[in-house]
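Understanding the architecture of this molecule
Take a look at the letters that make up each chain.
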Amino acid sequence: MGMSSLKLLKYVLFFFNLLFWICGCCILGFGIYLLIHNNFGVLFHNLPSLTLGNVFVIVGSIIMVVAFLGCMGSIKENKCLLMSFFILLLIILLAEVILAILLFVYEQKLNEYVAKGLTDSIHRYHSDNSTKAAWDSIQSFLQCCGINGTSDWTSGPPASCPSDPNVEGCYAKARLWFHSNFLYIGIITICVCVIEVLGMSFALTLNCQIDKTSQSIGL
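Note that this is a predicted model, so its numbers are computed, not measured.

Definitions and limits used
Residues numbered from 1 in each chain as written. Predicted model: local features only at pLDDT ≥ 70, side-chain atom pairs only at ≥ 80, totals over all residues. Heavy atoms only, no water. UniProt positions renumbered as here; feature names shortened; annotations may be inferred. Helix = DSSP H or I, 4+ residues; strand = E, 2+ residues; numbered from the N terminus. Core = buried A, V, L, I, M, F, W, Y, C linked by side-chain atoms within 4.5 Å. Buried < 20%, exposed > 50% of the residue type's maximum accessible area, 1.4 Å probe, protein only. Expected span 1.5 Å × (residues − 1). Salt bridge = Lys/Arg side-chain N within 4 Å of Asp/Glu carboxyl O.

In this section: the UniProt feature "transmembrane region" (unreviewed entry) in the protein chain. Following the UniProt record, one finds the feature "transmembrane region" (unreviewed entry) at residues 12-36, 48-69, 81-106 and 182-206. Helix makes up 96% of residues 81-106 and strand 0%, with an end-to-end C-alpha separation of 37 Å. For residues 182-206, helix accounts for 100% and strand for 0%, while the C-alpha atoms at its two ends are 36 Å apart.

If you want it as structure tokens, here you go:
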């Protein structure tokens, strides 16, 4: 691989990571916006930190850190940063694979846990403002009511529920949406994994080429 190929690979990796760094900034900013306004509240009181804002902040921060290492490592031809970028991407890829396996193996238990958590949160609707905000946001956004339908609200459905008495429950509607879009979710997941593998390959190739270039000029 000549110097021109090395430069091409370096700039491809740089712009690839710059794009992801910008995406990470947008995700982080949106997460901070959600945390400040707190429109979605807390749905699962056993996991009070599991809010939409926190998830976006964590994901955005991880993307920004990894992309920053990739940008600086490629443009500066820094082997340490490139290997850090490679190792972080490898850890993220392995974590995604393990998470997918765990979700597949424990799908039934997860469904039971989510259903129980949602039932507990419905009982807190009138006593906890954060739970009320979460349910109102979900029901308004998804145009659903309760977990399985209006019957979940023993004292009558709240104003955020649609007026249709045969409206679907939020949990049932979310599961139906997931199953009907499973193919697209799978394609997106595979694309993300392919991008991660390509990023790792580019980083490793550039790292090896830096070694060869250094040896050829006697450094």
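Following the structure, the description resumes.
This part covers the nonpolar core. Core analysis: the biggest nonpolar cluster contains 14 residues, and L13, L82, F85, L89, M200, A203 and L206 have the highest contact counts within it. Among the secondary structure elements, those contributing two or more residues to this core are α1 (3-37), α2 (52-75), α3 (79-105) and α7 (182-216). Ranked by residues supplied to this core, first place goes to α3 with 5 residues. By size, the runner-up hydrophobic cluster in this structure holds 13 residues, among which are C145, I147, V167 and C170.

Look at helix α5 (residues 129-142): 20 Å from first C-alpha to last across 14 residues, which is about the 20 Å you get at 1.5 Å a residue. Of the residues making up α5, those classed as buried are T131, A134, W135, D136, S137 and Q139. Backbone geometry just after α5 places Q143 at a positive phi near 55°.

This brings us to the pattern of salt bridges. Counted under the stated rule, the structure contains 3 salt bridges. K132 is the partner of D136 in a salt bridge, and the nearest nitrogen-oxygen pair spans 3.1 Å. Of this pair, D136 and K132 both sit in helix α5, separated by 4 residues, roughly a single helical turn. Look at D136 and you get buried, because its relative accessible area is 17%. Residue K132 is classed as partly exposed on the basis of its relative accessible area of 35%.

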